[in-house]
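What follows is the residue order along each chain.
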Amino acid sequence: MAEFWPALRATLNDAPFAYAHTWERHKSGAWHIHAAVNRYVPRSALVSSWVDRDGVSRGFVHIKRLSDLPVGSSKRDQARLAGRYLAKYLSKQLDDTGE
């Protein structure tokens, strides 16, 4: 995972962006990530960056656009929705670890 964010930034021509992420373990034991970024990122950029050091894909990329907001919603409304989304998975992680 340490290589992902720098690779994504390079794919986006070093354009700065903010992000937050958390990990979640599937019932199968495999890990996946939930992330939020503060700008549009093309799926192709995510796919090309989601590889290991040998260039092998780490798995599939699924994008869930947070679009439950009505037209005309404010930036604050958007931030609250993103915060709720991430809080859901952060709290699941705490429940799973017992911390």
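Above this text you will find the structure in question.
About the cut-offs
Residues numbered from 1 in each chain as written. Predicted model: local features only at pLDDT ≥ 70, side-chain atom pairs only at ≥ 80, totals over all residues. Heavy atoms only, no water. Phe/Tyr/Trp six-rings, centres within 6.5 Å; stacked < 30°, edge-to-face > 60°. Helix = DSSP H or I, 4+ residues; strand = E, 2+ residues; numbered from the N terminus. Buried < 20%, exposed > 50% of the residue type's maximum accessible area, 1.4 Å probe, protein only. Lys NZ or Arg CZ within 6 Å of the ring centre and 35° of its normal. Pairing = 2+ DSSP bridges.

### A few points about the packing of aromatic side chains
Thinking step 1. Following the criterion strictly, the structure yields 5 aromatic pairs and no others.
Thinking step 2. Relative to Phe 17, the ring of Trp 5 lies with its centre 6.2 Å away and its plane at 50 degrees, an arrangement referred to as tilted. Taken together, the positions of Trp 5 in helix 1 (residues 4-11) and Phe 17 in the loop between helix 1 and strand 1 (19-25) put the pair 12 residues apart, joining distant regions of the chain.
Thinking step 3. Trp 5 sits in the buried class, given a relative accessible area of 6%.
Thinking step 4. Of the residues examined, Phe 17 reaches a relative accessible area of 9% and is grouped as buried.
Thinking step 5. An angle of 50 degrees between the planes, with centres 6.1 Å apart, marks the rings of Phe 17 and Tyr 19 as tilted.
Thinking step 6. Pairwise contacts between aromatic rings join Phe 4, Trp 5, Phe 17, Tyr 19 and Trp 50 into one cluster.
Thinking step 7. One residue, Arg 9, lies across the ring of Phe 17, its end atom 5.2 Å from the ring centre.

### What to know about the pairing of strand 2 (residues 31-37)
Thinking step 1. In strand 2, alternate side chains face the same way, and those of His 32, His 34 and Ala 36 are buried while those of Trp 31, Ile 33, Ala 35 and Val 37 on the opposite face are not.
Thinking step 2. As paired strands, strand 1 and strand 2 are joined by 7 bridges and run antiparallel to one another. Among the inter-strand pairings, Arg 25 is bridged to a residue of strand 2, identified as Trp 31.

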